[in-house]
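Remarks on the overall topology
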Amino acid sequence: MRKPVLPADLFARLARVGRCVSDVCHFVLCTTLWLSGTIVGALGLLLGFVIVAADGRPLRFFAHVQNLSTHYLFATHEARTRFDHQLLAVFVAILGMLLVARLPGFVLRMRRDLRGRPSDV
């Protein structure tokens, strides 16, 4: 026969479920922010590469951007597609390197954050 559930036992179970949901929400939010920060960093590195290619001079930077946009607009569809794929490959490579470099720190922070919470037995 089943033992009746006492109100105190029910509140303890609800508290454990609430802490579990809270941990999942914390993990999802932190992961989302970490990923978005990494993506913004990768985009910044692409922009930094173009600035370095222009020797840090604003006029030369905008001349490079204008030259690139002019060639892109007048290129054939195949050339545009190839350029898009190359740019995407460079972006994914930079993003992958940043993810690998930043992942150990993120894992340690998540372990520390989730371990520091009180737990019931």
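Residues numbered from 1 in each chain as written. Predicted model: local features only at pLDDT ≥ 70, side-chain atom pairs only at ≥ 80, totals over all residues. Heavy atoms only, no water.

1. Let's talk about unusual backbone geometry
A positive phi angle, near 60 degrees, is found at Asp-55, a position not held by glycine. The topology assignment puts Asp-55 in the loop between α1 (7–53) and α2 (58–74). (Helix = DSSP H or I, 4+ residues; strand = E, 2+ residues; numbered from the N terminus.)

2. Examining the nonpolar core
If you look at the biggest cluster of nonpolar residues, it comprises five residues: Ala-42, Leu-46, Phe-91, Ile-94 and Leu-95. Elements represented by at least two residues in this core include exactly α1 and α3 (77–115). The element contributing the most residues to this core is α3, with three residues. (Core = buried A, V, L, I, M, F, W, Y, C linked by side-chain atoms within 4.5 Å. Buried < 20%, exposed > 50% of the residue type's maximum accessible area, 1.4 Å probe, protein only.)

3. Quick notes on the packing of aromatic side chains
By the definition in use, this model includes three aromatic pairs. With a centroid separation of 4.7 Å and 20 degrees between ring planes, the pair formed by Trp-34 and Phe-106 is classed as stacked. Remark: Phe-106 occurs in helix α3 and Trp-34 occurs in helix α1; sequence separation between them is 72 residues. Taken individually, Trp-34 and Phe-106 each receive the classification buried, so the pair is uniform in this respect. (Phe/Tyr/Trp six-rings, centres within 6.5 Å; stacked < 30°, edge-to-face > 60°.)

4. Topic: the layout of surface pockets
Put simply, the largest pocket is a space of about 440 Å³. Looking at the largest pocket, it is lined by 15 residues, and the ones nearest its centre are Phe-49, Val-50, Leu-68, Phe-83 and Leu-87. Every element with two or more residues in the lining of the largest pocket is listed here: α1, α2 and α3. At six residues, α2 tops the list of elements feeding residues into the lining of the largest pocket. (1 Å grid on protein atoms, 1.4 Å probe; cavity = no way out; pocket = protein on both sides within 12 Å on 5 of 7 lines; lining within 4 Å. Points joined across faces, edges and corners; volume = space filled by probe spheres on them.)

5. Let's talk about α3
For α3, spanning 39 residues, the distance from its first C-alpha to its last is 53 Å, which sits close to the expected 57 Å at 1.5 Å a residue. In α3, a bend of some 40 degrees at Arg-102 exceeds every other bend along the element, and Pro-104, a proline, comes one to four places later. Turning to α3, its buried residues number three or more, namely Phe-91, Ile-94, Leu-95, Phe-106 and Met-110. (Expected span 1.5 Å × (residues − 1). Bend = angle between axes of the 7 residues up to and from the residue.)

6. Notes on the packing of α2 against α3
Between α2 and α3, the least distance of the axes is 8 Å, while the angle of their chain directions is 130 degrees. As summarised for this structure, α2 and α3 are arranged oblique, according to the angle between their axes. Mapping the contact onto sequence places Leu-68, Tyr-72, Leu-73 and Phe-74 in α2 and Arg-80, Phe-83 and Asp-84 in α3. In terms of residue class, the contact of α2 with α3 is made up of five nonpolar, no polar and two charged. (Axes fitted to C-alpha atoms, helices over the stretch in contact; angles between N-to-C directions. Parallel < 35°, antiparallel > 145°, perpendicular 65-115°, else oblique. Contact = heavy atoms within 4.5 Å. Nonpolar A, V, L, I, M, F, W, Y, C, P; charged D, E, K, R; others polar.)

7. A look at a nonpolar patch on the surface
Residues Val-24, Phe-27, Val-28 and Leu-114 make up a contiguous nonpolar surface patch of about 310 Å² in total accessible area. Along the chain, the position of Phe-27 falls in helix α1. (Patch = residues over 30% accessible without salt bridge, like charges linked within 9 Å, V, L, I, M, F, W, Y side chains within 5 Å. Areas by Shrake-Rupley, 256 points an atom, 1.4 Å probe, with all protein chains shown as cover. Salt bridge = Lys/Arg side-chain N within 4 Å of Asp/Glu carboxyl O.)

Shape descriptors only; they carry no functional weight alone.
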